[in-house]
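# Architecture at a glance
Residues per chain, in single letters:
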Amino acid sequence: LEMGKAYNFTAEINPENLELEEIVFDVTAVEGWTEPTENVDVDYFYDTDSKTYSVATAKGLQEVAEKINAGEFTANITLLNDIVLPTTRSAVGNWTPLGLTTKNSYRGTFNGNGHTIENLVCTGSDVAGLIGYTYNATIKNVTLKNATISSNHYAGGIVAWVNNLPGNTKV
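This one's a predicted model, so the numbers in the text were calculated from it and none came from an experiment. (Residues numbered from 1 in each chain as written. Predicted model: local features only at pLDDT ≥ 70, side-chain atom pairs only at ≥ 80, totals over all residues. Heavy atoms only, no water.)

## Some words on the environment of Tyr-44
Mapped onto the fold, Tyr-44 is located in strand β1 (residues 44-47). With 15 residues separating them along the chain, Tyr-44 and Lys-59 place their C-alpha atoms 8.6 Å apart. Excluding its chain neighbours within four sequence positions, the residues that come into contact with Tyr-44 are Tyr-53, Ser-54, Val-55, Gly-60, Glu-63, Val-64 and Lys-67. (Helix = DSSP H or I, 4+ residues; strand = E, 2+ residues; numbered from the N terminus. Contact = heavy atoms within 4.5 Å.)

## Regarding the nonpolar core
With 27 residues, the main nonpolar core has Phe-110 and Ile-117 as its most contacted residues. At the level of secondary structure, the elements contributing two or more residues to this core comprise β2 (52-55), α1 (58-69), β3 (76-79), β5 (109-118) and β9 (138-145). Considering each element in turn, this core owes the most residues, five residues, to α1. Among residues more than four places away in sequence, those in contact with Ile-117 are Leu-61, Leu-79, Ile-83, Leu-85, Phe-110, Leu-130, Val-142, Thr-143, Leu-144 and Lys-145. (Core = buried A, V, L, I, M, F, W, Y, C linked by side-chain atoms within 4.5 Å. Buried < 20%, exposed > 50% of the residue type's maximum accessible area, 1.4 Å probe, protein only.)

## Topic: the side chain of Asn-76
For Asn-76, the position within the fold is in strand β3. Those residues within four positions of Asn-76 in sequence are excluded, and the remaining contacts are Ser-50, Lys-51, Thr-52, Tyr-53, Tyr-106, Gly-108 and Thr-109.

## A look at α1
Side chains that are three or four residues apart share a direction in an α-helix, a result of its 3.6 residues per turn. Compared with the 16 Å implied by 1.5 Å per residue over 12 residues, the 17 Å span of α1 between its first and last C-alpha is a close match. Taken together, the buried positions of α1 are Ala-58, Gly-60, Leu-61, Gln-62, Val-64, Ala-65, Ile-68 and Asn-69. Immediately beyond the C-terminal end of α1, within one or two residues, lies Gly-71, with a positive phi of roughly 140°. (Expected span 1.5 Å × (residues − 1).)

## Some details on the pattern of salt bridges
Note on pairing: side chains with opposite charge can pair once their charged atoms come close. Counting across every chain of the model gives two salt bridges. The residue Lys-59 makes a salt bridge to Asp-43 at a minimum N-O spacing of 3.9 Å. One end of the pair, Lys-59, is in helix α1; the other, Asp-43, is in the segment before β1, with 16 residues separating them in the sequence. For Glu-63, the salt bridge goes to Lys-59, with nearest N and O atoms at 3.9 Å. In this pair, Glu-63 and Lys-59 are both assigned in helix α1, four residues apart and thus about one turn of the helix distant. Assessed through its relative accessible area of 26%, Glu-63 is described here as partly exposed. Salt bridges here are not isolated pairs; linked through shared partners, they connect Asp-43, Lys-59 and Glu-63. (Salt bridge = Lys/Arg side-chain N within 4 Å of Asp/Glu carboxyl O.)

Laid out in structure tokens, this is it:
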């Protein structure tokens, strides 16, 4: 038998020659795998190689935002669909921006992939927007529709505060 070749085997099973043994397949790599890009049945999934969260639903965006704000500041986000946040605030609450402080600025790439986020409501005392503070971040290809943003300090639809060093953040 040679690796990489396919073989057909025919086996006859009867009570005289029946001995069952466990067969184990070890898979170390899968080539040619393509992640779904739309119409997925999950809220989000994470690709460890690219450190990218692919987000498909409003619930998924909320959960990924919580992970980013909990310490995964350099993770990337790619939208797979238009995201329609619930119009009832009780379902999702007031949006908490990615990057809550300058120390914990969002540092990844947010790729809207040409999609729209609808019904974003973010009102904060310090920072308000889809993304609060950024540092060395890239934000692209995303549109907000029907957004309500307000803050006592920094507010912006997509990004409230961009690091002021030239070339650090691309919006």
